[in-house]
Structure formats: C-alpha cells, structure tokens
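Secondary and tertiary structure notes
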Amino acid sequence: MGFKEEIYKRRTFGIISHPDAGKTTLTEKLLLFGGAIQEAGAVKSHKIKKGAASDFMEIERQRGISVSTSVLAFNYKEKKINILDTPGHKDFAEDTFRTLTAVDSVIVVIDVAKGVEEQTEKLVEVCRMREIPIIVFINKLDREGKDAFDLLDELEKKLKFKVCPLSFPIGMGYDFQGIYNIWENNLMLFKEENKQKISKTTNISDLDDSRLTEFIGEIASEKLKEEVNIVREVYPNYNQSEYLNCKQQPVFFGSALNNFGVKELLDCFISIAPSPLPKESNERLIKPEETSFSGFIFKIHANMDPKHRDRLAFIKIVSGIFKRNKPYNHVRINKNFKFSSPNAFFAEKKAIIDQSYPGDIVGVHDSGNFKIGDSFSEGEKINFKGIPNFSPEHFRFINNKDPMKSKQLAKGIDQLMDEGVAQLFILEMNGRKVIGTVGALQFEVIQYRLEHEYGAKCSYENINIFKACWIENQQKSNIEYNEFKKLKNKFLAKDKDQNIVYLADSSFSLEMTKQKFPSLEFHYKSEF
Ligand code: G4P
C-alpha cells in the first residue's frame, strides 16, 4: 500500500463524555467490532473504579495499565482506527485537553437521561477552540430519558452545536423499539434475545412501506413518520464540509451497553470522519502527505518501575513516515535522537514497530529529556502549536521536608511537571514554588510519586489563589506594564516556559486589575 493510501485509511479520534455517560462501554463495543477484543468487560476492568475517586493508590495502579489503553488501535473495513483514550475523571481533565491536540475528530457520548453535563461542556469548548469535527452519540436509549427533540435543542443551546440527526429513536426506555437510520435509510429493531438485546436491521428504506406498521405498530409508525418529517424539515441535510469545519454535528442514537446503534455509528464514522489532518506549527502548516517526518509529544507516561526512571513519550505523527533507528531532531533542544524500540499500540497491547504513518501514535522511551508539546522533525525547525496550559483550579506552596534531598525534590518536581501532572509557578518575589493542579487529587499523587520515585519528601502549604492569568502586553505599552509589575509584584510568577503569570487572589482583585490596566490582556491559558 502506498504512503498516501496509508494516510487516508487512518482515523484517529477520541471519545469524550461526562463520566458515566458510557464512554468506556462504547469504546469496548467499537473494539469488539474491530475484532480487537473477544469479550465484553476487557476495557472496563481498566477503568478507575467508581467510588475510588479519592483513592489515589487505585490511580497509581491504573497508571500501570493505562499505558496499554492509551491508544486502542484496530482495523475495521480496511480502515485503521486509533482511539485515543481520554481520562473521564475530572481531576485529569488536563490530560484529556492535551490528548485532544492529537485527535483528528471526536465522538461525544451523551446520556439520554442526563443530557448535556458539565464535563461535556468543558471538553466540547476545547474541541471548538481546536475546530475538531464532532459526532454525537446519544446513549442509553433502553432507559427512560429526555425527549429526542428536547435533547437536540439542548445540544444546540448548551454546546452551540448545529445538529444534524442521522438517526432517530422509536420510543425510549420500556417502549424503545429501535432506531430509524436516516443516514442509511433503514430501520433497526431492538429485540430482546437471550440477555443481550440484539439489533436486527430490516430492509425498509421508505417510511411509507406498509411493513413499518407490522414491525412497530400503527401508533409508533405514525409518530416516527411525523418525527422524521420534522427532522427533515427543521434540521439541515448532512453536509460533509460543514461537519469537517466543525459547523455541523451529526447525531446518532443508540445503546452502547446493548450494542445497539453502535455499528451504524462506526460505519458512518469511518466514511465521514477525517483522515489525518494538517497541523499548524509556529512556522507553517504541516501536511500529512509531506514525505519528511514530523510529530509532537502530547503525553508522557512515567514508568511504574521505580528503579528505572524511563518514561514513555507518546508522539503523534503529523507527516512523513516514522522509522525505527532513524535519527530525528528534537527541535527544542536541537539534538538528534534515535529510537531503537518504538512502540505501536494495539487494543490492549503494544509492540515494537519498524515504521508508522501520519495519524499513528508511537511510544518512545525518554530518560527525562522530553516535555509535553515537544516537536520532532528531520531537521526543519518546526514547533507545533496547540498544547496550552490552562489555569489550574487548585494552588499550594510546595516545601521540601528533607533538606538532604533538595536535589531529588527539584528533579522530581521538574520531571512531573514535564509529564503534565501539574503546573509549577515560581514566585518572582522570593522564588517560592507554587504547584497548580486541576483536581485536588494530584497533590496526593505528586507527594506519593516524589517519595516513591525520587526519594524526596514534600509538604504543602495553603495559598490563596483564584486563577492563574497569562499576561499579554497587547499595545506594548511598557509604562503600564511596568506599573502593573510593580503593583502586583507579590502575585507574579513565572511558568515553566518563563512566561509571566499573574496569580490573582480573588475574582474581585482580578476584575479591578483588569480595569486598572486596560492595555493588558489576561488569559486563562498559556497560548493565545
Ligand atoms: P463512562 O466510561 O462514560 O464513565 O461510562 P461507562 O461506560 O462506564 O458506563 C457507565 C454506566 O452506564 C455503566 O453502568 C454502564 O454499564 C452503563 N451503560 C453504558 N451504556 C449503557 C446503555 O446503553 N444502557 C444502559 N442501560 N446502561 C448503559 P454501571 O452500573 O455504573 O457499571 P457496571 O456495573 O455496568 O460496570
């Protein structure tokens, strides 16, 4: 197969949802279709157990196995599918944000009863920022839930979607009878056979077919006809370029647990979802078809074995062919690296590969040189965009508890920050270190890992910070900027890239500061 065919057959995407909407279940069913796993439950057992949210030991355990579920790859109908796993736990939202820099499209799972939930809104916001094409899967139709049209409205209002239903449910919960597939014009009936409910596709392609009543009864068939008519009148027709430009979001209904509507979703997905897309760098747009290799690190995973400090860095290939043992330039430190045992990921296992193509993810060993966001190339100076840091939600001073181990502590903190576990801010005033995290859980994880992997002990001290803001001196007015720096000196820090960050102590003081210094922009993320 030629280079271009290899690119065009790849679909690299992420599944996102609010916890419990059914992301894990859907992932598992997709893998079953790809023949990548044989039994249900295989992915499920890797999930952070519910109720274990505060049990970070459980998270430590998960770290070990989550390497193997970071990328789930399988072949389906001549396509190579790469699902990038995104943690559902909100304390790890930043991991998910970063993973979204490496996907070419996304499937959003919505619980039919709960509708659009908080975490979904946040994740979709990130997708919108990156203009990632989105397909929606409304899940759990076997349960009572919200009315389908109300849900479509909710998607439009809360997520600012322009929805295009490509299937429509017939009843719901106890009365759920199946789905009319608008995309393929056929009817799928929901039949309970054995314990698993099985879908049966009928060859009804026209809703005026007299057999419709036979299948679902007169009342349901009248209602379906009416509803599909409304769908056709009210919602736009599917438009490929609008979907690809994030201006239209196709919607499917189904039940992941019952494997109902999943195959239809997958079949449509492989035909409409984009193959690897070009990616912006600071220098220029890089196209996948370019023959010269380039890629970037979107995730770093620490090794579980404390005796080996090795880490696994996940590189998304943007262009060209990645080859084993070929030297590649690490752009930030301008040094060549060769990878003798790059890993490719398959469902549940990884294996050493000789070459990989755009859209694929390779895992390479890192002995502490790499950072999230680093780019590789064959020599060209390329710095890929789009891995910003977001303002953390929680902040604490970090102190050294064992003066004999200050070197170990500094190294540990540095490396954990490179991995993206949390963000470090160093106060301008006195050089004190402040750790910022998305969830409170990370503080425990950091403390535990510093001790077990680096032999260093730390303690935390509360600090009252509301938000971290990256400052942009838009009008380059040095007078105002200098005055700001003087006045807010106590609250200024540098991030890992030496950018100035204002650690506002309350929303009130942030507002006052904004008003006082109108020529400055206050951003909640490091890239703007
Ligand atoms: P998540 O990864 O998005 O957090 O969700 P997950 O797949 O773990 O699903 C959350 C719960 O919803 C699970 O039940 C799962 O079985 C259930 N679920 C998923 N899809 C469907 C569906 O189509 N219909 C119904 N009725 N339930 C569905 P649980 O009881 O919390 O976990 P478990 O005991 O099944 O593991």
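Residues numbered from 1 in each chain as written. Predicted model: local features only at pLDDT ≥ 70, side-chain atom pairs only at ≥ 80, totals over all residues. Heavy atoms only, no water.

So, on to the overall build of the protein. When you go through the protein residue by residue, the secondary structure sums to 14 helices and 31 strands. A burial count over the protein gives 54% of its 528 residues as buried. A total of about 23,300 Å² of accessible surface is found on the protein, and carbon and sulfur atoms cover 48% of it. (Helix = DSSP H or I, 4+ residues; strand = E, 2+ residues; numbered from the N terminus. Buried < 20%, exposed > 50% of the residue type's maximum accessible area, 1.4 Å probe, protein only. Areas by Shrake-Rupley, 256 points an atom, 1.4 Å probe, with all protein chains shown as cover.)

Scanning all chains against the criterion turns up 26 salt bridges. Taking the shortest distance from any N to any O, the salt bridge between Asp 267 and Lys 263 comes out at 2.9 Å. Highlighted residues: Asp 267 and Lys 263, both in helix α10 (residues 262-272), separated by 4 residues, approximately one helical turn. Note that Arg 284 and Glu 290 form a salt bridge whose closest N and O atoms lie 2.9 Å from each other. Residue Arg 284 is classed as partly exposed on the basis of its relative accessible area, which comes to 30%. The network of salt bridges with shared partners includes Glu 6, Arg 10, Lys 80 and Asp 360. (Salt bridge = Lys/Arg side-chain N within 4 Å of Asp/Glu carboxyl O.)

Strand order in the open sheet formed by 8 strands is β27-β24-β26-β25-β29-β30-β28-β31, and the pairing between neighbours is antiparallel. The open sheet is flanked by β27 (458-462) and β31 (520-523), the only strands paired with a single partner. The sheet shows a mean angle of 40° between the axes of neighbouring strands, taken without regard to direction. The pairing of strand β24 (residues 394-400) with β27 spans 5 bridges and is antiparallel. Within β27, the residue paired with Asn 400 across the bridge is Cys 458. (Pairing = 2+ DSSP bridges. Axes fitted to C-alpha atoms, helices over the stretch in contact; angles between N-to-C directions.)

A few words now on the nonpolar core. By size, the foremost hydrophobic cluster in this structure holds 82 residues, and its most contacted members are Ile 138 and Leu 155. When residues of this core are assigned to domains, at least three map to each of domain 1 (3-272) and domain 2 (279-377). If you look at the next biggest cluster of nonpolar residues, it comprises 28 residues, including Phe 74, Val 109, Cys 268 and Ile 270. (Core = buried A, V, L, I, M, F, W, Y, C linked by side-chain atoms within 4.5 Å. Domains from an automatic or database assignment.)

Relative to the elements of secondary structure, Ser 281 occurs in the loop between β12 (279-280) and β13 (285-286). According to the relative accessible area criterion, Ser 281 is buried, its value standing at 1%. Polar contacts involving the side chain of Ser 281 include one to the main-chain carbonyl oxygen of Arg 284, which spans 2.6 Å. Sequence-distant contacts of Ser 281, that is, excluding residues within four places in its chain, are made with Ile 286, Ile 382, Asn 383, Phe 384 and Lys 385. (Polar contact = N/O pair within 3.5 Å; in protein donor to acceptor, adjacent residues only side chain to side chain. Contact = heavy atoms within 4.5 Å.)

Moving on, we come to the packing of helix α2 (residues 23-33) against α10. Contact geometry of α2 with α10 gives a least axis separation of 10 Å together with a crossing angle of 70°. Taken together, the axis directions place α2 and α10 in an arrangement best described as roughly perpendicular. The residues of α10 that touch α2, namely those facing Leu 26, Lys 29, Leu 30 and Phe 33, are Val 262, Lys 263, Leu 265 and Leu 266. (Parallel < 35°, antiparallel > 145°, perpendicular 65-115°, else oblique.)

Counted by the stated rule, this structure contains 29 aromatic pairs. Seen in terms of ring centroids, Phe 13 and Phe 269 are 4.3 Å apart; in terms of plane orientation they differ by 50°. Their pairing is tilted. Separated by 256 residues along the polypeptide, Phe 13 in strand β1 (residues 10-17) and Phe 269 in helix α10 bring together distant segments of the chain. For Phe 13, a relative accessible area of 1% puts it in the buried group. (Phe/Tyr/Trp six-rings, centres within 6.5 Å; stacked < 30°, edge-to-face > 60°.)

On to the packing of helix α11 (residues 406-419) against helix α12 (residues 441-454). At a closest axis distance of 10 Å, the pairing of α11 and α12 adopts a crossing angle of 120°. Compared by their axis directions, α11 and α12 come out oblique. Along this stretch, α11 crosses α12, giving a crossing that reads as right-handed. From α11, Gln 408, Leu 409, Lys 411, Gly 412, Ile 413, Gln 415, Leu 416, Met 417 and Glu 419 reach across to α12, where they touch Ile 446, Arg 449, Leu 450 and Tyr 454. Split by residue class, the contact of α11 with α12 holds 7 nonpolar, 3 polar and 3 charged. (Left-handed = near helix turned anticlockwise from the far one by under 90°. Nonpolar A, V, L, I, M, F, W, Y, C, P; charged D, E, K, R; others polar.)

Attention now goes to unusual backbone geometry. One non-glycine residue with positive phi stands out, namely Cys 246, at about 65°. Note that Cys 246 resides in the loop between α9 (240-244) and β11 (249-253). The exposure class assigned to Cys 246 is buried, which follows from its relative accessible area of 15%. The residue Asn 325 is not glycine, and still its phi comes out positive at about 65°. Relative to the helices and strands, Asn 325 is located in the loop between β16 (322-323) and β17 (328-330).

Quick look at a negative patch on the surface now. Together, Asp 147, Asp 150, Asp 153 and Glu 156 make up a negatively charged patch on the protein surface. The topology assignment puts Asp 147 in the loop between β5 (134-139) and α6 (148-159). For Asp 147, a relative accessible area of 36% corresponds to the partly exposed category. (Patch = residues over 30% accessible without salt bridge, like charges linked within 9 Å, V, L, I, M, F, W, Y side chains within 5 Å. Lys, Arg positive; Asp, Glu negative; His and termini not counted. Charge placed at Lys NZ, Arg CZ, Asp CG, Glu CD.)

Moving on to the pairing of strand β3 (residues 79-84). Residues in a regular strand project their side chains so that they alternate between the two faces of the sheet. Taking burial as the measure, the 6 residues of β3 include 5 buried ones, the bulk of the element. Judged from the 6 bridges that link them, strand β2 (residues 71-76) and β3 form a sheet pairing that is antiparallel. What sits directly across from Phe 74, in β3, is Ile 81. Between the end of β2 and the start of β3, which pair antiparallel, lie 2 residues, with Lys 77 showing a positive phi angle near 45°.

A few words now on the side chain of Ser 509. Summarising the element assignment, Ser 509 is placed in helix α14 (residues 507-516). When its relative accessible area of 14% is taken as the criterion, Ser 509 is described as buried. A polar contact is formed between the side chain of Ser 509 and the side chain of Asp 505, at a distance of 2.6 Å.

Here we take up the confidence of the model for the protein. When the pLDDT values of the protein are averaged, the result is 86; 89% of them are 70 or greater. Low pLDDT, under 50, characterises residues 45-54; the predicted model gives this stretch 21 contacts beyond four residues in sequence or across chains. (pLDDT = per-residue confidence, 0-100.)

This paragraph deals with α6. When the terminal C-alpha atoms of α6 are compared, their 16 Å separation across 12 residues agrees well with the 16 Å that a helix rising 1.5 Å per residue should span. Along α6, the residues that are buried comprise Ala 148, Phe 149, Leu 151, Leu 152, Glu 154, Leu 155 and Leu 159. Where α6 begins, one side-chain oxygen reaches toward the backbone nitrogen of Phe 149, 3.0 Å away; that side chain belongs to Asp 147. Lys 160 sits one or two positions beyond α6 and adopts a positive phi of about 55°. (Expected span 1.5 Å × (residues − 1).)

Further remarks concern the environment of Ser 292. Structurally, Ser 292 can be placed in the loop between β13 and β14 (294-302). For the pair Ser 292 and Ile 321, spaced 29 residues apart in sequence, the C-alpha to C-alpha distance is 7.2 Å. With sequence-adjacent residues up to four places away left out, Ser 292 is seen in contact with Ser 319, Gly 320 and Glu 378.

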